[in-house]
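Structural overview
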Amino acid sequence: MTAGSSWFVALLLLATPLAVQMVKREEFKTCEQSAFCKQHRAISEPTGYELLANTISHQGAVWTATLQNSQNSLKLNIIGLTDSTVRVQIDEPETAIRKRYIPNPSLVAVPEELTFDSVDNGAQEAKIVGGGNKVKVVVTYKPFLVSIFNGLDELVAQVNRDGKLKVEEFRTKEEGKEYPEGFWEERFKSFTDHKQHGSSSVGVDISFVNFKTAYGLPEHADAFALRNTVGNTDPYRLYNLDVFEYELNNPMALYVSIPYILAHRANRSVGALWFNAAETWVDTQSSVTSKGLFGKMLDKVTGASDNVPHFDAHFMSESGLVDIFFFVGPTVKDVQRQNAKLTGTTPLPPLFSIGYHQCRWNYNDEQDVAAVNKGFDDHDMPMDVIWLDIEHTDGKKYFTWDKHKFPTPNDMVDKVAAKGRKMVTIVDPHIKKDDGYYVYKDAKDKGLFVKRTDGSDFEGHCWPGASEYLDFWHPDTRSYWKDQFSFERYTGSSSNLHIWNDMNEPSVFSGPEITMDKESIHYGGIEHREVHNMYGMMYTSATFDGLMARTGGKERPFILSRAGFIGTQRTAAIWTGDNTADWGHLEIAAPMTLSLSIAGVPFVGADVGGFFGNPDEQLLSRWYQTGAFQPFFRAHAHIDTRRREPWLFSEQTQNIIRDALRTRYALLPYWYTLFQQHTETGVPPMRPLFYEFENDDTLLEEQKQWMVGNGILVRSVVEKDTFNVQVKLPRGDHRTERWYEWVSGAEVKGESIYVDAPITFTPVYQRGGTIIPTWQRIRRSASLMRDDPLTLFVALNSDGSSKGEVYLDDGQTHDYQNGQFVKASFNYKTESKSAAVLEGEHIDGKYDCKNWIERVVVRGVESSPKKVEITRLSDPVQPLEFSYDRDSKVLVIRKPEALLNSSFKIHIGF
């Protein structure tokens with residue numbers, strides 16, 4: 001690569017005042033400026049691949065054949081996996097001059113193969129059945145087509161339906177031969193990218209048959225439902241980049257790349273994971289079939305009709321191979337589980353991490369940290385974590401402290417921890433080029449940095465100035481990095497200090513598109529272009545190993561990452577990057593976090609208040625009200641913004657923020673239970689409405705409302721000067737769903753209603769049939785509430801029943817993996833007109849918890865009881881105090897005093 005003016009631009013970036021720091025669109029490529037994207041997008045006729053029937057072979061779970069067109073031959077693998085999952089691979093043959101990279105480190109384990117039930121290789125097509133007849137694959141030979149069926153008859157997806165399969169083979173340059181533009185060298189602005197093996201791009205079209213709507217492909221600041229890009233905009237771009245103050249409603253690349261699509265319609269879902277870590281563009285289009293000659297030929301072998309809707313995605317990657325995992329469902333939660341089985345789930349986070357986080361670039365010194373810590377107590381606002389950005393270091397050298405501003409870091413962290421709180425420091429992957437900096441000296445001596453093609457260390461510029469970048473594909477790098485987090489090595493750290501991995505796209509101010517040169521070399525001869533999108537994931541996984549090792553695996557780590565890829569969820573939470581204090585960025589936070597959630601990354605959030613700019617009090621209030629109901633809840637701000645601690649605003653705004661924080665902390669047992677359930681099912685805590693109401697097609701494009709678990713519906717106010725909003729309350733398949741306003745407990749009638757939403761109010765509703773566990777004794781931090789008693793909110797369904805559960809443990813260690821937890825279920829039943837019972841049962845775990853049921857609030861009770869009594873194991877029947885509100889129809893039962901690790905029954909007589 002060569003660089004000219006970009007280094008000057010980087011210097012300006014470091015010094016530019018906030019007012020002019022807006023995204024420079026011209027710094028980032030369009031599809032027209034990307035040689036491989038331009039070529040693949042220009043495909044207008046089928047590329048002519050057919051399958052050679054005489055090359056078919058089959059053994060166990062693997063079916064193999066050769067594909068051929070007029071230009072080259074390819075190897076096709078159809079692989080059967082457990083849990084209704086199928087893998088389709090198209091690669092160069094074994095004779096290729098170089099193996100293509102497969103991003104296996106992003107998977108949780110080697111995919112578990114499952115021998116096919118039957119294989120029928122016919123004259124024109126092969127029929128492959130697997131998964132106990134739950135999945136069928138039909139491979140059509142000429143023209144080549146792969147059709148995926150749910151069960152034996154329902155066509156749900158196709159590969160190469162439009163004949164766009166294209167694989168550019170690795171080449172050795174031949175002098176005098178003409179090659180397409182950009183094949184060996186590609187220029188963008190002042191940079192030249194030299195391709196050692198020529199253009200090696202791959203692409204193919206995937207059609208989701210009988211689906212109009214699809215989701216995923218995070219991360220983009222765009223609508224939740226994927227748009228039609230064909231003929232309208234650039235394709236969605238997946239290429240991790242440092243884009244500050246990003247544009248809205250734009251498919252341009254951001255910080256995270258997860259090439260996953262979920263297609264959904266009433267009563268059916270299917271997912272597809274494009275397993276490729278290179279730069280990727282995806283054209284998407286929803287349409288009714290208009291096939292032309294090629295499509296009509298397909299009808300003869302698929303039985304499709306001209307009126308079948310389909311959602312089409314044309315994947316185009318700069319390198320790697322065509323490698324697609326299909327999750328056949330059939331339900332949306334089945335698809336989520338199937339994806340999680342392959343890519344992993346987020347481990348149960350420490351309790352503090354789902355509380356509230358206070359951050360800015362930067363808290364100035366130890367006295368500033370102490371004042372912020374004290375300020376939350378003085379103003380009766382709960383908070384769990386104080387963050388330190390890059391200015392806490394000695395000259396942007398990570399694992400160090402500014403000795404003047406932070407002379408006694410251990411003491412500072414201990415004082416914060418004395419209030420039950422934690423701290424987080426930032427550790428970025430760029431290492432300051434300074435022979436006096438031990439991390440740089442060690443890494444240079446050990447050869448741990450990413451290399452240039454000539455074998456020298458890759459050098460770029462970031463916050464410290466001249467920097468080098470660690471190569472996390474090198475096993476010695478991962479081992480070294482892990483050791484840096486030991487308490488002995490990281491002076492000032494303790495188990496109360498956790499880590500923020502930022503700038504890990506990686507961000508290179510002096511590089512093309514503000515990132516690393518694609519021709520840079522990783523361990524094993526891997527080109528950076530092949531693995532770019534997984535650099536951040538490899539970085540956070542190494543950090544995770546370090547935080548695990550520092551306590552011998554005893555305590556749970558917390559890491560926040562800006563960049564992400566498939567598998568990032570196993571080691572880090574994600575936030576949506578450098579947003580802005582305006583209403584559009586508040587509104588886009590929900591679709592962005594929903595997209596990440598359905599793609600397998602559940603621990604997500606957006607900077608409350610916006611990173612850039614200064615929010616007015618209305619915007620800030622609405623943002624806190626919104627953030628309280630999203631998984632990761634952190635306020636953050638740029639160094640040039642005004643201070644935003646909650647007590648710096650008017651009394652009304654302070655009260656609004658306090659109420660939002662207290663609402664979040666009251667619901668911590670529910671959030672914690674949802675994260676534990678995620679570890680078992682893969683289902684995210686924050687989920688779109690159609691996850692709970694799968695048959696309701698009217699909800700498919702809803703993005704201003706979401707569910708927290710199965711029990712809470714949120715419609716936050718994200719529009720300026722808006723104090724009345726429309727709320728959709730799904731009534732279910734049988735029109736029997738009931739909903740209750742969260743604060744008052746009163747039942748709400750109607751399916752599409754208009755709700756008054758003054759600045760002090762957020763429309764939140766509890767779903768009938770659910771029981772929500774809460775803590776009502778709000779303390780200064782989550783850890784101080786861990787042993788507190790619970791209040792159960794019981795919302796009756798149309799049949800007078802409700803159920804729920806709660807999961808608790810010590811909130812910080814891995815002892816739960818050895819049974820040190822408690823899981824209890826609750827079941828409310830109306831047995832007759834004169835009797836109802838609430839049963840609590842300890843269903844699992846041996847944790848000696850101190851939590852007991854302090855209060856039960858039952859919503860939707862039609863009349864006042866005559867008596868309420870409790871039985872606990874063999875204890876005699878005891879009467880309980882209760883009250884009943886006739887207007888709201890809410891029954892409050894006081895002091896049942898039943899422990900979670902025991903069983904009880906509350907009898908209600910009418």
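All figures in this text were calculated on a predicted structure; none of them were measured in a lab. (Residues numbered from 1 in each chain as written. Predicted model: local features only at pLDDT ≥ 70, side-chain atom pairs only at ≥ 80, totals over all residues. Heavy atoms only, no water.)

Some points on the overall build of the protein chain
Stated precisely, the cut-off is as follows: Secondary structure elements follow DSSP: runs of H or I of four or more residues count as helices, runs of E of two or more count as strands, with numbering from the N terminus. Using C-alpha atoms as the atom set, the radius of gyration is obtained and then compared with a globule rule of 2.2 Å times the number of residues to the power 0.38. The cut-offs for exposure are 20% and 50% of the maximum accessible area for each residue type, with area from a 1.4 Å probe on protein chains only; residues under the lower value are buried, those over the upper are exposed, and the others partly exposed. Should any heavy atoms of two residues lie within 4.5 Å, those residues are considered in contact. Using a 1.4 Å probe, the Shrake-Rupley method yields the accessible areas, and only the shown protein chains count as cover for residues. The sign given to each residue is positive for Lys and Arg and negative for Asp and Glu; His and the chain ends receive no count. Every charge is mapped to an atom, namely NZ of Lys, CZ of Arg, CG of Asp or CD of Glu.
Secondary structure summary: the protein chain contains 14 helices and 52 strands in total. Relative to the globule expectation of 29 Å for 910 residues, the C-alpha radius of gyration of the protein chain, 28 Å, shows essentially globular dimensions. Seen along its three principal axes, the alpha-carbon backbone of the protein chain occupies a region of about 95 × 70 × 50 Å. Within the protein chain, the proportion of its 910 residues that are buried is 65%. Counting only contacts in the protein chain whose residues sit at least 6 apart along the sequence, the fraction spanning at least 24 positions is 72%. Total accessible area computed for the protein chain in this model is approximately 31,500 Å², and 47% of it derives from carbon and sulfur atoms. Counting 99 positive and 121 negative side-chain charges, the protein chain places the centres of these two groups 3 Å from one another.

Re the pattern of salt bridges
To be explicit about the condition: Within this document, salt bridges are pairs made up of a side-chain nitrogen of Lys or Arg and a carboxyl oxygen of Asp or Glu, the two lying within 4 Å of each other.
This structure, assessed with the given rule, holds 65 salt bridges. Note that R87 and D323 form a salt bridge whose closest N and O atoms lie 2.8 Å from each other. Linking R87 in strand β4 (residues 85-91) with D323 in strand β20 (residues 322-327), this pair joins segments that are 236 residues apart in sequence. Of the charged contacts, one joins K415 and D411 as a salt bridge, the two residues approaching to 3.1 Å between their closest N and O atoms. Of the two residues, K415 and D411 both sit in helix α6 (residues 409-417), 4 residues apart, roughly one turn of that helix.

Description of unusual backbone geometry
The peptide bond linking G329 to P330 adopts the cis configuration, its omega dihedral lying at 20°. Cis geometry is found at the peptide bond from W361 to N362, where omega equals 15°. Along the chain, N362 falls in the loop between β21 (356-358) and α5 (366-378). Positive phi, normally seen in glycine, also occurs at N210, with a value near 70°. Judged by its relative accessible area of 33%, N210 falls in the partly exposed class. Even without being a glycine, K895 presents a positive backbone phi close to 50°. Relative to the assigned elements, K895 resides in strand β51 (residues 890-899). What makes K895 exposed here is its relative accessible area of 52%.

A short note on the UniProt feature "domain: Glycosyl hydrolase family 31 C-terminal" (unreviewed entry) in the protein chain
Going by this rule: UniProt positions are given in the numbering used here, feature names are shortened, and annotations may be inferred rather than shown by experiment.
Following the UniProt record, one finds the feature "domain: Glycosyl hydrolase family 31 C-terminal" (unreviewed entry) at residues 682-772. Each end of residues 682-772 is marked by a C-alpha atom, and these two atoms are 20 Å apart; helix forms 0% of the span and strand 35%.

So, the packing of aromatic side chains
What counts here: Any Phe, Tyr or Trp ring, taking Trp's six-membered ring, that has another such ring centre within 6.5 Å forms a pair; planes under 30 degrees apart are called stacked, those over 60 apart edge-to-face, and the others tilted. Two limits define a charge over a ring: the Lys NZ or Arg CZ must be within 6 Å of the ring centre, and within 35 degrees of the ring normal.
A complete count under the given rule lists 47 aromatic pairs for this structure. Ring plane angle 75° and centroid distance 6.1 Å describe the contact between F352 and F558, whose orientation is recorded as edge-to-face. Of this pair, F352 sits in the loop between α4 (332-343) and β21 while F558 sits in the loop between α10 (535-550) and β30 (559-561), and the two are 206 residues apart along the sequence. F558 shares its class with F352; the two are buried. Taken together, the ring pairs connect F399, W401, F406, F472, W473, W481, F485, Y490, Y535 and Y539 into an aromatic cluster. In this arrangement the basic side chain of R98 is found over the ring face of F170, its NZ or CZ atom lying 5.2 Å from the centre. One residue, R859, lies across the ring of W742, its end atom 4.9 Å from the ring centre.

Let's talk about helix α12 (residues 617-627)
Convention followed: In protein, a polar contact requires one atom able to donate a hydrogen and another able to accept it; more generally it is a pair of N or O atoms within 3.5 Å, and residues adjacent in sequence count only if both atoms are side-chain atoms.
Of all 11 residues in α12, 10 are buried, a share of seventy percent or more. Those residues of α12 lying buried are Q618, L619, L620, S621, R622, W623, Y624, Q625, T626 and G627. Of the residues that open α12, the one with a side-chain oxygen 3.2 Å from the backbone nitrogen of Q618 is D616.

What to know about the side chain of T580
Mapped onto the secondary structure, T580 falls in the loop between β31 (573-575) and α11 (583-598). Setting aside chain neighbours within four positions, we find T580 in contact with E245, H585, G610, F611, F612 and W623.

Let's talk about the sheet that holds strand β34 (residues 686-687)
To keep it simple, the criterion reads: DSSP calls a pair of strands paired once it identifies at least 2 bridges connecting them.
Ordered in space as β34-β35-β36-β41-β38-β39, the 6 strands form an open sheet in which the pairing is antiparallel. Each of the sheet's edge strands pairs with one partner strand only, and the pair in question is β34 and β39 (747-748). Relative to β39, strand β38 (residues 739-741) is paired through 2 bridges, and the arrangement is antiparallel. Among the inter-strand pairings, W739 is bridged to a residue of β39, identified as V748.

Topic: the state of the cysteines
Here is the rule we go by: Cysteine sulfur atoms are paired as a disulfide whenever they come within 2.5 Å of each other.
One pass over the full model with this rule turns up 1 disulfide. With a sulfur-sulfur separation of 2.0 Å, C31 is cross-linked through a disulfide to C37. What sets the handedness of the C31 and C37 disulfide is the S-S torsion sign, and at about -100° it is left-handed. Neither residue differs from the other here; C31 and C37 are each classed as buried. Here C359 is not cross-linked by a disulfide; its sulfur's nearest cysteine counterpart is in C462, at 17 Å. With relative accessibility at 2%, the residue C359 sits in the buried group.

With respect to the environment of K866
By the secondary structure assignment, K866 is in the loop between β47 (852-859) and β48 (867-872). Using a relative accessible area of 71% as the deciding quantity, one classes K866 as exposed. With 352 residues separating them along the chain, K866 and I514 place their C-alpha atoms 70 Å apart. Beyond its immediate stretch of four places on either side in the chain, K866 contacts F882, G909 and F910.

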